[in-house]
Structures are given as C-alpha cells and as structure tokens.
Amino acid sequence: MSEEKSLNFLEEIIEQDIAEGKNGGRIHTRFPPEPNGYLHIGHATSICLNFGLAKKYNGKCNLRFDDTNPVTEETEYVESIKADIKWLLQGTGSEWANELYASDYFEQLYEFAVTLIKKGLAYVDDYSSEEIAATKGSTTEPGKESPSRSRSIEENLQLFADMRAGKYKDGEKVLRAKIDMAHPNLLLRDPLMYRIKHAHHHRTGDKWCIYPMYDFAHGQSDSIEHITHSICTLEFIHHRPLYDWFIEKLDIFPSHQYEFARRNLTYTVMSKRKLLQLVNEKHVSGWDDPRMPTISGMRRRGYPAEAIRQFCDTIGIAKRENISDVGVLEFCVREHLNKTANRVMAVLDPVKLVITNYPEGQEEIFNSENNPEDASAGSRQLHFSRELWIEREDFMEEPPKKFFRLGPGLMVRLKNAYIVKCTGFNKDAAGNVTEVLCEYLPETKSGSDTSGLTVKGTIHWVSVPHAKTAEVRLYDRLFKVEDPSSEEGDFKDYINPDSMHILPSVYIEPGLADAKPGERVQFMRKGYFCVDKDSTPDKVIFNRTVTLKDAWAKEMKKA
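Report follows, based on the coordinates.

Scoring rules and cut-offs
- Residues numbered from 1 in each chain as written.
- Predicted model: local features only at pLDDT ≥ 70, side-chain atom pairs only at ≥ 80, totals over all residues.
- Heavy atoms only, no water.
- Helix = DSSP H or I, 4+ residues; strand = E, 2+ residues; numbered from the N terminus.
- Rg over C-alpha atoms; globule rule 2.2 N^0.38 Å.
- Buried < 20%, exposed > 50% of the residue type's maximum accessible area, 1.4 Å probe, protein only.
- Areas by Shrake-Rupley, 256 points an atom, 1.4 Å probe, with all protein chains shown as cover.
- Patch = residues over 30% accessible without salt bridge, like charges linked within 9 Å, V, L, I, M, F, W, Y side chains within 5 Å.
- Salt bridge = Lys/Arg side-chain N within 4 Å of Asp/Glu carboxyl O.
- Lys, Arg positive; Asp, Glu negative; His and termini not counted.
- Charge placed at Lys NZ, Arg CZ, Asp CG, Glu CD.
- Pairing = 2+ DSSP bridges.
- Expected span 1.5 Å × (residues − 1).
- Phe/Tyr/Trp six-rings, centres within 6.5 Å; stacked < 30°, edge-to-face > 60°.
- Lys NZ or Arg CZ within 6 Å of the ring centre and 35° of its normal.

### With respect to the overall build of the protein
- A count of helical and extended segments in the protein gives 13 helices and 27 strands.
- Here the C-alpha radius of gyration of the protein, 31 Å, is well above what a compact globule of 559 residues would show, namely 24 Å.
- Over its C-alpha atoms, taken along the principal directions, the protein stretches across nearly 100 × 55 × 45 Å.
- In the protein, which comprises 559 residues, the share counted as buried stands at 52%.
- Summed over its atoms, the accessible surface of the protein is roughly 26,000 Å², and 48% of this surface lies on carbon and sulfur atoms.

See the structure below:
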C-alpha cells in the first residue's frame, strides 16, 4: 500500500481556511511575474505551486504581469512567459483563469494614492533618491523626516496631479507613504509609492509618466483581484507589514501574503540580473541557450515538462532558503526519458569497421525495437552492410583484461546484428587507427543465434553506405563550481569553458535525418538528445539533454 503524501505547510493553511469557511471557502492564487526577463527553474516551482494549489482545491489562478517599470519591460518577455507557462502545464488540466496586468489597474492605483493623500497618509517629496537613502537611518538609528512631510493635503493633491500631468522631470519628485521614520522595519520608513518616469510603456504607451512602485502596486493588485492566498518567496517577508498597512488604510479586500523559500540550483545562477549579463555579454547564445536555467533553455535542451514538474514536486517547498542539487533535476529528466525516448544509433567519434568476410555489395535489414520500456513504440528497420561506423573508444590496440569491446582477437556483438571478431587494424602515417578489421560469425545473427557463443560486450554501429550526418552539441554545466554567486570575485570567472562542445559531423541512422525540432531520442550508450530549433531539412542538429549516468559526480570525485 502506497503511503499518502503529507501536506506541505501551505496546503495545511489552505485546508484550515476552507474548514473555517474563510473567504467563503474560495481559493484564488496568482502567478505574478515581472516581464523583464525569461522565466527560470525557480519560477517553475512557483508556477507548479500556485497553479497546483488552485487545481487541487477547485480554485482559480490568475496570471498577472507586474509591469510597473517601463524601462526594463518588453513584449518579448510577456510572450515568452506565456509560452513557458503553457508548455510547463501541458497535460495537467491547469490554465490561468485570467490574464491580467498591473497596468490594468494604473487608474485604480492612482485613485488609491489620492485616497491616502486625502487621509494625510501620503505626501509628495522633493528629495532625490540619494537624499532619501541618506536620511533613511539604520537598524540602530531612526531616519530623518523630509521637510516635505509637513505639506498640506491640498498642496500634495495638486503636486501629485502635476506629477501625473508631466510637469516635472524624472526624479524631481516622488510620492511617499507617511508612516513612521523611526519604524524598526526600514521598509516602513515612509516608503516610495510613485516615481516619475518619462518612458514608453509596453501596454499603456505614453499615457502615464508616473508609475507605482512594486511594493505599492503588488499588494493592491492582489486585493483588487480578491486573491485569497498571495504566495511569495521569503525575501518579501519584511514587505508584508507594508502590504498590510496599505490594505488597512485603504479599507480594501484583505488579501494575505504567505512566504516560502526560493529555490536555487547548483552549478548555475538564478538572478535575472546575472542571467541578463550572460546574455548581453555573449557568454551564452540567448535566453534559450540550452545551458541556461531558463524554462525555454531547458525546453530547447530537451527537458520534458513532466520531468521539471516532477523535480518541483520532489524537492517540495520549505520555509528556509536552500540550494537544490542539479543532479536531482537530471535524475527526473533521465527517469522520464527512459520511459518515453526511442533508442537509436549514432556514432559520435567514428572509426570504420570492415567485415572482411562479409560479401561486398551485400546488405541486410534487421528489426530493432524502439523502446524496451514501451511496447507500443514499435520497431524500425536497420540497414546492415560490410562497412560500418563504430565509436573510436570501442577499439583498443592493446586492451586491458576487462575491456569487453574490440581489440585484436576480441569478440563483441553488434547491436541487433552479428558477433564479430577483431582480426586486425590499419593506421595512417600519423599512427591513427583508420580501420578496424573483423570477421563476422554468420550463425550468430540476433534473434536466430545457433552458435552457443556468449560475449560480454555489445556495441552500436551505423552502416557506412546508409549513414546520414548530423551536428551534435554536447552540453554540460554552465559553471565549474556549485554556487558561483558565493565565490570570490566575478561570478563569470567560474564559467565552465567545457560547457559546450560541437561535433560537426556525427553519423546517424538514416531515419533520424527527418527528425523534427523538439523530438527526443536516446543515442544508445551515449545519452539523451533533442533536435534543436536551428535544424534545417539539410542539416539536423541534436542537443545533448543529459548523459545516461551522472558522469559529473564521478569527475568531481576524481578531482
């Protein structure tokens, strides 16, 4: 009998709220990304959490873009975020109930600000950002009040209207909440509510030249949408008293914030600012570079959405900051692809094998099952001939005792075909092996072997006259250290120079030449691969999604 999974702390809160009839038993969450970059694996946890809770408790989840900073936001980011969420949630039955934007509420937020001014709880300040910072105080010293704090309600209303009308330059005036310049929580020392930005907004154009600060817009947007459970990461825990203060003073729907620990991942960075640096400084090819921790990068690399969701479920949520092992994510990817990816043959580092006793010009066709884990995947035909491509590492001139592949006098089975025995090899003038010479044993044909011979090794191959070529991109971890952000110096100093190797001419089964972008396969004995979006009808490109085993852990032990 399987053990029932225990509730996480947010599920416990929700179930108690439902039992007590809070909000009429209604559950409404939201996922509120800022459209200033691409989503990454940390966002995937929040997506799975917010949409998952809504689905589990028959509630709703909004997608709301917190688009309050026109300088950093672009429509490209909006579209990429929507595409990533749809892809990640495919097959779950979850979808956003409403697509909303903080900019939808700019007029309402402006009126909220006017209400606070009328109540004597907000004022227009002439201080610059530097003066505000200098007078904020510290954890041991109270802040100093601005001379503007004593302005009359009437003057503040007029100045705020003038700010909206565009009468002032950027940074010339701000609107601040009038709370307490000696408050022990520095975020409540008269925080900014509005700043002037003469910048084009991706949705509202040039209608506005004042924009609400995130801390003012975020909580009020939750309230406007009647969000019952506003789920944020831990860095916002000290912001909650400010959100609650605004809600109390405005007397609006009391949306409540709950915090969980953000999810970091080893061997990468999750800061949007640092990811943007990697993109802008050309350390990666773009936001969807397969080495990036972005959802679009992982999709391009070949990570299935199901595996990412399984990873998020496996690591769960917590109240303490931690860093998750990327090996757990890779395990989830391998586990899913093992069940779903067809097995195919590709030779990455080729050397020619010649079967000297196989008739020249003769060919055979063998059947090969596509996936031993999935009988419904069927089978395919493999062409066999006198000359084959095999991996260079599958031959050694002087093999050690436990080398169960090819070497002088050694026998190996060719996958789905015959047992062959190595009889010799040829070299070029530089001493490189150019051909491995073998004889095949006709009675050892796979499926009808009458020889009684057993060999310990089986290798993959591709028929020379039938092979097609492909480009293969071997991806590895983007950084050399587990936590590059915590190391001394510039985090970019720890970029792994071996995070990508391009093999321009790999031999593949002929059927793979027609593989479509996004198609995932297992190259037997080599790893899982995905067809890249850069592929063309004339040139198919495969990205290595993940190796068959955790080779990195072995290398780290050696080091």
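### Quick notes on a negative patch on the surface
- On the surface, Asp-325, Glu-482, Asp-483, Glu-487 and Glu-488 cluster together into a patch of negative charge.
- Among the structural elements, Glu-482 can be located in the loop between strand 23 (468–475) and strand 24 (500–508).

### Points about the sheet that holds strand 19 (residues 419–427)
- Strand order across the open sheet formed by seven strands is 21-18-19-20-14-17-22, with mixed pairing between neighbours. Looking at which strands have only one partner, the edges of the open sheet turn out to be strand 21 (458–459) and strand 22 (462–463).

### Digging into the pattern of salt bridges
- The full count for this structure, using the stated rule, is 41 salt bridges.
- The partner of Lys-173 in a salt bridge is Asp-126, and the shortest N-O contact between them spans 2.5 Å. Of this pair, Lys-173 sits in the loop between helix 6 (153–164) and strand 5 (174–177) while Asp-126 is found in the loop between strand 4 (122–125) and helix 5 (129–134), placing the two residues 47 residues apart along the sequence.
- Using a relative accessible area of 10% as the deciding quantity, one classes Lys-173 as buried.

### Topic: helix 2 (residues 41–56)
- In this model, helix 2 (16 residues) spans 22 Å end to end at C-alpha, consistent with the 22 Å of a helix rising 1.5 Å per residue.
- Within helix 2, 13 of the 16 residues are buried, leaving the element largely enclosed by the surrounding structure.
- Following helix 2 by one or two positions, Asn-58 has its phi on the positive side, about 55°.

### Points about the pairing of strand 8 (residues 229–233)
- Where burial is concerned, most of strand 8 is hidden: five out of the five residues are buried.
- Burial along strand 8 is two-sided: His-229, Ile-231 and Thr-233 facing one way and Ser-230 and Cys-232 facing the other are all buried.
- With five bridges connecting them, strand 8 and strand 9 (residues 256–260) associate as parallel partners. Its bridge partner being in strand 9, Thr-233 is matched across the sheet by Phe-260.

### Notes on the packing of aromatic side chains
- All chains considered together, the criterion is met by 25 aromatic pairs.
- Ring centres of Phe-106 and Trp-208 lie 6.0 Å apart, and the angle between their planes is 75°; on these two criteria the pair is classed as edge-to-face. Of this pair, Phe-106 sits in helix 4 (residues 106–118) while Trp-208 sits in the loop between strand 6 (192–196) and strand 7 (210–212), and the two are 102 residues apart along the sequence.
- Between the aromatic rings of Trp-389 and Tyr-507, the centroid separation amounts to 4.3 Å while the plane-to-plane angle is 5°, which identifies the pairing as stacked. Taken together, the residues Trp-389 in strand 17 (residues 387–391) and Tyr-507 in strand 24 connect sequence positions 118 residues apart.
- Here Trp-389 falls in the buried class, since its relative accessible area comes to 13%.
- Following the ring pairs from residue to residue traces out a cluster consisting of Phe-106, Tyr-110, Phe-160, Tyr-194, Trp-208, Tyr-211, Phe-216, Trp-245 and Phe-246.
- Against the face of Tyr-110 rests Arg-164, its NZ or CZ located 4.6 Å from the ring centre.
- Over the ring of Tyr-168 we find Lys-173; its NZ or CZ atom is 5.0 Å from the centre of that ring.

### Considering unusual backbone geometry
- With a phi angle near 55°, Asn-23 is a residue other than glycine that sits in the positive phi range.
- Within the secondary structure layout, Asn-23 lies in the loop between helix 1 (9–19) and strand 1 (28–31).
- Look at His-226: it is not a glycine, yet its phi comes out positive at around 55°.
- On the secondary structure map, His-226 appears in the loop between helix 7 (214–224) and strand 8.
- On the basis of relative accessibility, which here comes to 39%, the residue His-226 falls in the partly exposed class.

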